[in-house]
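Structural features, examined
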Amino acid sequence: MTEYPPISEQLSADDLESARTEGRRKMDWADQHMPIMNALRDSFEADQVLEGERIAMAMHVEAKTAILVEVLADAGAEVAVTGCNPLSTHDDVSAALDTHERITSYAKRGVDDEEYYDAIHATLGLEPTITVDDGMDLVAAVHEDYPELIDGIVGGAEETTTGVHRLRAMDDDGALEYPVFAVNDTPMKRLFDNIHGTGESSLASIAMTTNLSWAGKNVVVAGFGYCGKGVARKASGQNANVIVTEVEPRRALEAHMEGYDVLPMAEAAEIGDVFITTTGNRDVIVEEHFEGMKDGVLLANAGHFDIEIDLEALVDLAVDTYEARDGVEAYELEDGRRLNVIAEGRLVNLAAPISLGHPVEVMDQSFGVQAACVREMVENGDEYGPGVHEVPDELDKEIAEIKLEAEGVEFDALTDTQREYMGSWDHGT
Ligand code: NAI
């Protein structure tokens with residue numbers, strides 16, 4: 001197993017002290033706005049539901065995630081955590097987490113590829129019984145490099161669309177050897193996190209990073225899935241003119257019926273002022289598109305991996321590159337046009353220098369589902385065979401009910417007659 005130091009051994013003593021204080025302050029703020037995680041913490045801690053478990057996690061290590069990590073540790077588990085993106089870790093939060101007696105945090109911002117994977121492997125030194133992923137890098141490392149761990153793993157949980165896609169591909173190949181919950185696919189995650197979270201935080205990150213307005217701009221949103229819908233809706237709400245590109249006919253039609261312009265990227269490239277990719281696919285904006293773009297455009301990606309904008313092609317086209325602002329790299333082309341890439345084409349709402357990720361309330365919901373899934377794997381893991389599993393609807397509803405109660409929202413319940421009617425087939429006209 002790889003030797004890789006936790007964050008507390010990577011920072012100087014002075015930096016560590018102040019980082020811990022600031023990280024704790026960020027976590028306390030998040031914690032105040034996470035009623036679901038607070039309710040789960042109370043019950044998990046009282047019953048020590050994860051006692052004796054060992055959990056390896058690869059997530060965006062910032063304040064909200066830290067509350068999830070802490071809740072799992074307070075429930076009795078040993079936790080080893082690292083980042084799931086080289087740029088999304090907040091070192092101060094990572095340092096604060098590492099002070100918990102049952103948590104080791106290897107997450108550090110700005111690591112290179114080798115350090116990134118060394119840290120992933122270091123978490124597996126814990127010999128986990130559960131894995132919690134955002135993007136499937138842990139599951140991949142277990143299967144490719146440490147298959148001897150598989151027998152000891154009861155199951156896993158996956159946070160994002162790209163991770164679930166990768167897991168399903170692995171499952172289809174018969175290569176996934178333990179059960180993993182598709183947390184991403186639950187209504188409590190996807191309808192709020194992917195839509196509202198990605199929409200709000202991507203736009204906020206781009207606006208703060210560039211100090212530019214949305215009003216009157218042509219904003220090209222690539223992909224009209226859950227994230228794309230959120231980005232399009234929020235950009236439109238800020239008075240931008242939204243143009244959608246798609247490859248799936250029903251989603252293209254949906255965008256058209258929502259009132260957005262739908263165009264092929266080759267045409268959108270020529271009129272866009274801001275481009276935001278949300279496809280989870282590769283090579284969405286490539287050389288032929290760069291060639292037609294206007295001077296000064298902004299290019300950002302909100303999909304999981306940094307492969308949606310072909311930066312290698314842009315580097316080849318550019319005669320000069322320079323940092324135009326913190327988090328903005330300008331690529332100057334031979335004819336003088338400047339194309340500005342935000343956060344190195346990595347997911348913009350987490351990787352730009354001022355990015356904070358999704359709003360706290362949204363992550364309270366997503367991580368509520370994550371925590372409930374970990375508990376379910378521990379309590380009933382034997383009932384799930386190897387493969388990707390949908391999260392039981394009852395767990396998702398439990399999280400919604402906790403949130404509604406915290407918000408003071410009351411709602412109706414079916415009467416017995418209504419329940420019987422909804423379950424019957426013989427009541428016609
Ligand atoms: P989704 O599957 O609902 O939507 C993706 C859409 O992109 C689909 O409609 C698909 O037809 C379209 N698409 C695929 N290739 C395309 C191409 N070449 N051109 C135009 N459209 C194309 O997925 P979802 O949930 O919207 O997630 C998208 C990505 O965002 C994933 O990588 C996911 O992991 C990531 N994600 C990022 C978050 C963030 O915080 N930035 C939060 C949640 C998800």
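Below is a summary of the structure that appears in this document. Everything numeric in this text was worked out from a predicted model, so none of it was measured.

1. Looking at the pairing of strand S14 (residues 338-342)
- Among the five residues of S14, four are classified as buried, and the element is accordingly described as predominantly covered.
- When strand S11 (residues 298-301) meets S14, the two strands line up parallel, connected through two bridges. Counterpart to Leu 298 in the pairing with S14 is Asn 340.
- Here five bridges tie strand S13 (residues 328-333) to S14, and the two strands are oriented antiparallel to one another. Across the sheet, the residue bridging to Val 328 is Ile 342, located in S14.
- Between S13 and the antiparallel strand that follows it, S14, lie four residues; Gly 336 among them carries a positive phi value of about 95 degrees.

2. Comments concerning the site of the ligand
- The ligand sits among 28 residues. The nearest are Thr 160, Thr 161, Thr 162, Glu 246 and Asn 349.
- Within the side chain of Asn 349, an N or O atom sits 2.8 Å from an oxygen atom of the ligand.
- Within the complex, the protein chains bury 89% of what would otherwise be the 860 Å² of accessible surface of the ligand.
- Per-element accounting of the shell around the ligand gives the leading share, four residues, to helix H8 (residues 187-210).
- Per-domain counts for the shell around the ligand show at least three residues from each of domain 1 (7-189 + 358-407) and domain 2 (197-351).

3. A look at the pattern of salt bridges
- Counted under the stated rule, the structure contains 27 salt bridges.
- Two residues, Glu 200 and Lys 234, come together in a salt bridge whose shortest N-O distance is 3.5 Å. Taken as a pair, Glu 200 in helix H8 and Lys 234 in helix H9 (residues 226-237) lie far apart in primary sequence, 34 residues in all.
- It is possible to trace a salt-bridge network through shared partners that takes in Arg 24, Asp 28, Asp 31, Arg 41, Glu 70 and Asp 74.

4. Digging into a nonpolar patch on the surface
- On the surface, Leu 414, Tyr 421 and Met 422 cluster together into a nonpolar patch covering about 360 Å² of accessible area.
- Note on placement: Met 422 falls in helix H17 (residues 416-422).
- By relative accessible area, which is 62% here, Met 422 ends up exposed.

5. Topic: the pairing of strand S10 (residues 274-277)
- Burial of S10 is two-sided: the residues Val 274 and Ile 276 facing one way and the residues Phe 275 and Thr 277 facing the other way are all buried.
- Bridge count between strand S7 (residues 218-222) and S10: four bridges; the pairing is parallel. Residue pairing across strands places Val 219 opposite Val 274, the latter belonging to S10.
- Both S10 and S11 contribute to a ladder of four bridges, which runs parallel.

6. A look at the sheet that holds strand S5 (residues 155-158)
- Across the sheet, which stays open at both edges, the seven strands sit in the order S3-S2-S1-S4-S5-S6-S15 with parallel pairing between neighbours. Of all the strands in the sheet, the pair left with one neighbour each is strand S3 (103-105) and strand S15 (387-389). Within the sheet, the average angular offset between the axes of one strand and its neighbour, ignoring direction, is 20 degrees.
- In terms of strand pairing, strand S2 (residues 78-82) meets S3 through three bridges, oriented parallel. Counted as the bridge partner of Val 81 is Ser 105 from S3.

Conventions used here
- Per chain, residue numbering runs from 1 following the sequence as it is written.
- Owing to the predicted nature of the model, reporting of local features is limited to residues with pLDDT of at least 70; listing and counting of side-chain atom pairs is limited to 80 or more, with chain, interface and lining totals taken over all residues.
- The side-chain quantities take in all heavy atoms of the structure and omit both hydrogens and water.
- Think of it in three bands: residues with accessible area under 20% of the maximum for their type are buried, residues over 50% are exposed, and the middle band is partly exposed, with areas taken using a 1.4 Å probe on protein chains only.
- A run of H or I in DSSP becomes a helix once it reaches four residues, and a run of E becomes a strand once it reaches two; helices and strands are each numbered from the N terminus.
- Two strands pair if DSSP finds at least two bridges between them.
- Nearness is judged by heavy atoms alone; a residue qualifies as near a molecule or strand once a single heavy atom is within 4 Å of it.
- Side-chain atoms alone can form a polar contact between residues adjacent in sequence; in general such a contact is a pair of N or O atoms within 3.5 Å, and within protein one must be able to donate a hydrogen while the other accepts it.
- Here the open area of atoms and residues is found with the Shrake-Rupley method and a 1.4 Å probe, where only the protein chains shown may cover a residue.
- Domain start and end points were adopted from an automatic or database domain assignment.
- Criterion for a salt bridge: a side-chain nitrogen of Lys or Arg within 4 Å of a carboxyl oxygen of Asp or Glu.
- Residues enter patches when their relative accessible area tops 30% and they take part in no salt bridge; the joining distance is 9 Å for like charges and 5 Å for the nonpolar side chains Val, Leu, Ile, Met, Phe, Trp and Tyr.
- The convention used is that axes are lines fitted to C-alpha atoms, helices contributing only their stretch in contact, and that angles between N-to-C directions extend from 0 to 180 degrees.

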